Amino acid sequence: LRVAVRGEGNTLQRRLDALELLVAQGRAALANALVVDQLSGLRSAFEERAGHDQLTGLLNRWGLVSRVEQLVGSLGVFVCDLDGFKSVNDTFGHATGDNLLQQVARRLEGEMGETAVVARLGGDEFVAVRQADSAEAVSDLAAALEQALGRPYSVGTATVRVGASVGAVVAWLILAGRQHARA
């Protein structure tokens, strides 16, 4: 933009040039702010995906470790393995198997409660961690999980049933990160 006013052209032109430069810098700063905001959103989305199982929406191994590292106190740790899952996959196909895993995940979350940390390790293996009052309470919950996960599932037009083997332990996690466990 070049405007010359008689007698003041040089001064006015410098001011207009400076204003143009400020506008350009403002646009660049705004563009940078938008890029930073978008990158921040992408980072959050990546971190969310990196810590979660894509099929079930549960935490994955990495997400489980990250969350459990924040816990302290007496915890019940439950490792669940589905019995007969392979035959469901082989008989009804992988889409049915995937649907079954999603339903197992929801059922496991429901049985463990809102404060539990629930993860899928892969395949048909799940882990759940929650506060524990006693070894007896953990043992009772493990038995309840086996029973709940063994109930029939409606998958498409089929009703399928799988068993579940649940191992449980009481762990005491201390702030310093040291762990002591008792079966």
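Here we summarise the structure given alongside this text. (Residues numbered from 1 in each chain as written. Predicted model: local features only at pLDDT ≥ 70, side-chain atom pairs only at ≥ 80, totals over all residues. Heavy atoms only, no water.)

**Examining the overall build of the chain**
Of the regular secondary structure elements, the chain holds five helices and seven strands. Looking at the chain residue by residue over its 183 residues, the buried ones come to 32%. For the chain, restricting intrachain contacts to residue pairs at least 6 apart in sequence, the fraction spanning at least 24 positions comes to 63%. For the chain, the exposed area adds up to about 11600 Å²; of that, 54% sits on carbon and sulfur atoms. (Helix = DSSP H or I, 4+ residues; strand = E, 2+ residues; numbered from the N terminus. Buried < 20%, exposed > 50% of the residue type's maximum accessible area, 1.4 Å probe, protein only. Contact = heavy atoms within 4.5 Å. Areas by Shrake-Rupley, 256 points an atom, 1.4 Å probe, with all protein chains shown as cover.)

**A closer look at helix 2 (residues 61–68)**
Structurally, the α-helix is built with 3.6 residues per turn, so residues lying three or four positions apart point the same way. Within the sequence span of helix 2, burial applies to Gly63, Leu64 and Val68. Seen end-on, helix 2 carries its buried residues on one side only, within an arc spanning 125 degrees. The N-cap residue of helix 2 is Asn60: its side-chain oxygen and the backbone nitrogen of Trp62 are 3.1 Å apart. (Arc of directions from axis to C-beta. Polar contact = N/O pair within 3.5 Å; in protein donor to acceptor, adjacent residues only side chain to side chain.)

**Focus: the pattern of salt bridges**
Under the definition given, this model contains three salt bridges. Its salt-bridge partner being Asp90, residue Lys86 comes within 2.8 Å of it at the nearest N-O pair. Of the two residues, Lys86 and Asp90 both sit in helix 3 (residues 85–92), four residues apart, roughly one turn of that helix. For the residue pair Lys86 and Asp90, the accessibility class agrees, reading exposed in each case. (Salt bridge = Lys/Arg side-chain N within 4 Å of Asp/Glu carboxyl O.)

**A look at the packing of aromatic side chains**
Scanning the model with the defined rule gives zero aromatic pairs in all. In this structure, Arg107 is placed above the aromatic ring of Tyr153, and the distance from its NZ or CZ to the ring centre is 3.7 Å. (Phe/Tyr/Trp six-rings, centres within 6.5 Å; stacked < 30°, edge-to-face > 60°. Lys NZ or Arg CZ within 6 Å of the ring centre and 35° of its normal.)

**Points about helix 3**
The set of residues buried in helix 3 consists of Phe85, Val88 and Asn89. What you see down the axis of helix 3 is that its buried residues fit within an arc of 100 degrees, all on one side. In helix 3, the exposed positions that point more than 90 degrees away from the buried face belong to Lys86, Asp90 and Thr91. Contacts from the buried residues of helix 3 go to strand 1 (73–83), helix 4 (94–112) and strand 5 (158–160). The positive-phi residue at the C-terminal boundary of helix 3 is Gly93, with phi of around 100 degrees.

**Thoughts on the environment of Leu101**
Within the secondary structure, Leu101 sits in helix 4. Taking the C-alpha atoms as reference points, Leu101 and Asp124, 23 residues apart in sequence, are found 7.2 Å from one another. Contact partners of Leu101, with chain neighbours within four places excluded, come to Leu55, Thr56, Leu82, Phe85, Arg120, Gly123, Asp124 and Phe126.

**Considering the pairing of strand 2 (residues 117–122)**
The side chains of a regular strand alternate, first on one face of the sheet and then on the other. As paired elements, strand 2 and strand 3 (residues 125–131) share five bridges and run antiparallel to each other. Counterpart to Ala119 in the pairing with strand 3 is Val127. In this structure, the hairpin formed by strand 2 and strand 3 is closed by a connection of two residues, where Gly123 is found at a positive phi of approximately 55 degrees. (Pairing = 2+ DSSP bridges.)

**So, the side chain of Thr96**
For Thr96, the location among the structural elements is in helix 4. With sequence-adjacent residues up to four places away left out, Thr96 is seen in contact with Val88 and Val155.

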